[in-house]
Amino acid sequence: MNNKHLAILGVTTIAVIASLVFFRDPGSTSNDIAGAQPTDTEALQSNELDTAEPATTDGQNNAVPNVSQTNQSQLERALTEIRSRPGNDQTDTALNELDALVAHYDNMSHEEKRALLTDYATHFLRNRQYEDARYFYEQVLQLPGLEHTNRLAVLQMLARIAMAAEDWQGFLAYNDQYFDVGGGYNWIVTGHLMRAFRQLENYDAAGEALLIHFDTGLFPQYDGSSEQYERLYGDIDSIPLSMSDRQSAVLVAERLVEQFDRPENWRILSEVYGAEGDTANYNQTIQTARAKGFVDDNGDWLAGR
């Protein structure tokens, strides 16, 4: 796995990251994009992308320069191509208002251009036009003097759009760019990574991302309830059983037990020890689980608590 994905960096505070959508099931097709901005708890469970604008500034001018910049004629050509597609509805009032501003694009400040391009990206997200949304967010990245926080937020937005389009290699490429310009890990970034790697069947990388997730913090809304566990972590707790790096699999299984202490975590840990032929730890795990009430008198595991 690329070390750029898993070397632990300082966590970067990005306002937009707090509202990013966490994909519950990377195997499903995410074709629905909501115009409304969900609360954090709703966002964690949604297969939709919110369309919040990336954060505007972190008070620092750490822009990464670009060699090119979109001009008015390029923007007009892109919009003409989009309008020419069969079935596209061009009656949207908001879109028409944006189109009217394009004639003044070359005379706009960089901040005005950023706002216009972001508004176009948001519009196309709401209409499930992923590639068009990606195009406009990528144009934002070309603006000179783009604030560092904005750059990180846009790259993560692009990564999320790639996930929604099930473009997993594109997702990893955007994350590479994010880390290359100093992006850090947090609960959203690690959550996206471990689910993307599960989709790619790279379970070792998913397990490493899960360990980083534990180190950088769980979901802020996680309250320890069975419902929250199943909704937020129920599809990843079996990752150790699919890992080829058995030493890491043991570590991940042990961390799951340490973090959540649920019957399924203890069962998975016992299975990992059993697969390793570690009889002593296997027996100790069963004994501890039975004392916790996770295994009944017949040796059957309880479903949850």
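Computed from a predicted model, the values in this text were never measured in an experiment.

Novice: Sorry, what's going on with the packing of helix 3 (residues 72-83) against helix 6 (residues 130-141) here?
Specialist: To characterise two packed helices, one gives the angle between the axes of the helices and the distance between these axes. Running from amino to carboxyl end, helix 3 crosses helix 6 at an angle of 175°, the nearest separation of the two axes being 12 Å. By the angle between their directions, the pair helix 3 and helix 6 is classed as roughly antiparallel. Along the contact surface, helix 3 presents Gln-74, Leu-75, Ala-78, Leu-79 and Ile-82, while helix 6 presents Asp-132, Tyr-135 and Phe-136.

Novice: Is there a simple way to explain the nonpolar core in this structure?
Specialist: A general tendency of soluble globular proteins is for nonpolar side chains to be buried together. Of all hydrophobic cores here, the largest spans 65 residues; its most connected members are Tyr-120, Phe-136, Tyr-137, Phe-171, Leu-193 and Tyr-233. In terms of residue count, the dominant contributor to this core is helix 7 (residues 148-164) (ten residues). In this view, Tyr-120 contacts Leu-79, Leu-95, Leu-98, Asp-99, Val-102 and Phe-136; residues no more than four positions away in its chain are not counted. Counting eleven residues, the second-largest nonpolar core is a separate cluster that includes Leu-269, Val-272, Phe-294 and Val-295.

Novice: Explain the environment of Gly-183 here, please?
Specialist: In this structure, Gly-183 sits in the loop between helix 8 (168-180) and helix 9 (187-199). Sequence separation of Gly-183 and Thr-149 is 34 residues, and the distance between their C-alpha atoms is 8.9 Å.

Novice: Which parts of the structure should I look at to understand the packing of aromatic side chains?
Specialist: To describe a pair of aromatic rings, you give the distance between the ring centres and the angle between the ring planes. Applying the stated criterion across every chain, the model contains 14 aromatic pairs. Aromatic pair Tyr-120 and Phe-136: ring centres 5.0 Å apart, planes at 15°, arrangement stacked. With a gap of 16 residues between them, Tyr-120 in helix 5 (residues 110-126) and Phe-136 in helix 6 connect regions that are remote in the sequence. On the accessibility criterion, Tyr-120 (0% relative accessible area) is buried. By relative accessible area, Phe-136 is classed as buried at 0%. Ring geometry for Phe-214 against Phe-260: centres 5.9 Å apart, planes inclined by 65°, an arrangement best described as edge-to-face. Taken as a pair, Phe-214 in helix 10 (residues 203-216) and Phe-260 in helix 13 (residues 246-260) lie far apart in primary sequence, 46 residues in all. What links up through ring pairs into an aromatic cluster is the set Trp-187, Phe-214, Phe-219, Tyr-222, Tyr-229, Tyr-233 and Phe-260. Looking at Arg-262, its charged tip hangs above the ring of Tyr-229, at a distance of 4.5 Å from the centre.

Calculation criteria
Residue indices follow the written sequence of each chain, beginning from 1 at its first position. Owing to the predicted nature of the model, reporting of local features is limited to residues with pLDDT of at least 70; listing and counting of side-chain atom pairs is limited to 80 or more, with chain, interface and lining totals taken over all residues. Note that water and hydrogens are dropped before the side-chain values are worked out from all heavy atoms of the structure. Angles run from 0 to 180 degrees between N-to-C directions of axes, and those axes are lines fitted to C-alpha atoms, restricted for helices to the stretch in contact. The secondary structure listing takes helices from DSSP runs of H or I that are at least 4 residues long and strands from runs of E that are at least 2 residues long, numbered from the N terminus. For classification, angles of less than 35 degrees are called roughly parallel, those exceeding 145 degrees roughly antiparallel, those between 65 and 115 degrees roughly perpendicular, and all remaining angles oblique. Contacts: residue pairs with any heavy atoms within 4.5 Å of one another. For our purposes a nonpolar core is just a set of buried Ala, Val, Leu, Ile, Met, Phe, Trp, Tyr and Cys residues, chained together by side-chain atoms within 4.5 Å. Relative accessibility decides the category of a residue: with a 1.4 Å probe and only protein chains considered, values under 20% of the type maximum give buried, values over 50% give exposed, and everything between is partly exposed. In this scheme Phe, Tyr and Trp rings, the latter by its six-membered ring, pair at centre separations within 6.5 Å, and the angle between planes marks the pair as stacked below 30 degrees, edge-to-face above 60, and tilted otherwise. By definition, being over a ring means that NZ of Lys or CZ of Arg is both within 6 Å of the ring centre and within 35 degrees of the ring normal.

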